[in-house]
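Residue-level structural notes
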Amino acid sequence: DAGVTQSPTHLIKTRGQHVTLRCSPISGHKSVSWYQQVLGQGPQFIFQYYEKEERGRGNFPDRFSARQFPNYSSELNVNALLLGDSALYLCASSFASGGYNEQFFGPGTRLTVL
Amino acid sequence: DQQVKQNSPSLSVQEGRISILNCDYTNSMFDYFLWYKKYPAEGPTFLISISSIKDKNEDGRFTVFLNKSAKHLSLHIVPSQPGDSAVYFCAASGVNTGGFKTIFGAGTRLFVKA
């Protein structure tokens, strides 16, 4: 069975641009969470979606937004990119609303903002 | 603010001995705790979890202990094996007025020497 997939694997953008990251959860999983991980730190929670509704939001500015589609895949959008947005963006899926359930992580998208 | 802290950035243990990884949290909203293991170039993988209604959960060589009054949890690995060498993240989940959140610590890098 396929695990959590994320695309693209690597991305280079310049300041002020917009980026869209994509995630496909494990088949049967209805919850997707997004995390940002910078070097030397743990993953930082951005959003959780369950059944296409936002269930939780971390301390990120409104430049960050996300959505979940009827097939439970998800997109993370970041507007007006800053240098500090350079990080590994991780997507995690779980069958039920995550956090109280094991989350399965994808390999991440490495975003570099120049 | 760091709501979940892993104060030891690294730990070195001899093969066959016990590894003890520690984690402290500050927010009483957390009621579910998880440990994840991460190898280089991969997303974190779930290891073991514990609900706040328990003080111990065991799975093979891995045991997690929770001390709610001290807001402290620990992961014990016995016996440690070289394949256990990885970064270990502690995570805490809960719900507050902002919705659901999962907060990760910064991680502890475990080295198991053969």
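Residues numbered from 1 in each chain as written. Chains lettered and ligands numbered in written order. Predicted model: local features only at pLDDT ≥ 70, side-chain atom pairs only at ≥ 80, totals over all residues. Heavy atoms only, no water.

**Quick notes on the overall build of chain A**
A count of helices and strands for chain A gives 0 helices and 11 strands. Going from N to C terminus, chain A has its helices and strands arranged as β-β-β-β-β-β-β-β-β-β-β. By principal-axis analysis of the C-alpha atoms, chain A measures approximately 35 × 25 × 25 Å. Of all 114 residues assigned to chain A, the portion counted as buried reaches 51%. Here the contacts in chain A between residues at least 6 apart in sequence split such that 54% fall between residues at least 24 apart. Roughly 5300 Å² of accessible area belongs to chain A as shown, and the carbon and sulfur atoms make up 51% of that amount. Looking at chain A, you have 10 positive and 8 negative side-chain charges, and the mean spots of the two groups are 7 Å apart. (Helix = DSSP H or I, 4+ residues; strand = E, 2+ residues; numbered from the N terminus. Buried < 20%, exposed > 50% of the residue type's maximum accessible area, 1.4 Å probe, protein only. Contact = heavy atoms within 4.5 Å. Areas by Shrake-Rupley, 256 points an atom, 1.4 Å probe, with all protein chains shown as cover. Lys, Arg positive; Asp, Glu negative; His and termini not counted. Charge placed at Lys NZ, Arg CZ, Asp CG, Glu CD.)

**A look at the packing of aromatic side chains**
According to the stated counting rule, one finds 13 aromatic pairs over all chains in the structure shown. Centre to centre, the rings of Phe-45 of chain A and Phe-100 of chain B are 6.4 Å apart; their planes meet at 80 degrees, and the pair counts as edge-to-face. Here the residue Phe-45 of chain A occupies a position in strand β5 (residues 44-50), and Phe-100 of chain B occupies one in strand β10 (residues 99-104), the pair thus bridging two chains. The exposure class assigned to Phe-45 of chain A is buried, which follows from its relative accessible area of 4%. Residue classification places Phe-100 of chain B among the buried positions, given a relative accessible area of 4%. (Phe/Tyr/Trp six-rings, centres within 6.5 Å; stacked < 30°, edge-to-face > 60°.)

**Examining the state of the cysteines**
Evaluation of the coordinates by the stated rule reveals 2 disulfides over all chains. The disulfide bridge from Cys-23 of chain A ends at Cys-91 of chain A, spanning 1.8 Å between sulfur atoms. Residues Cys-23 of chain A and Cys-91 of chain A are joined through a disulfide that is left-handed, its torsion about the S-S bond being -60 degrees. Pair noted here: Cys-23 of chain A is in strand β3 (residues 19-24) and Cys-91 of chain A is in strand β9 (residues 87-94), with a separation of 68 residues, a long-range link. Here the two residues Cys-23 of chain A and Cys-91 of chain A agree in accessibility, since each one is buried. Disulfide pairing places Cys-23 of chain B opposite Cys-90 of chain B at an S-S distance of 2.0 Å. On the S-S bond that ties Cys-23 of chain B to Cys-90 of chain B, the torsion sits near -70 degrees, and the link is left-handed. Linking Cys-23 of chain B in strand β3 (residues 19-25) with Cys-90 of chain B in strand β9 (residues 86-96), this pair joins segments that are 67 residues apart in sequence. For Cys-23 of chain B, a relative accessible area of 0% puts it in the buried group. (Disulfide = S-S within 2.5 Å.)

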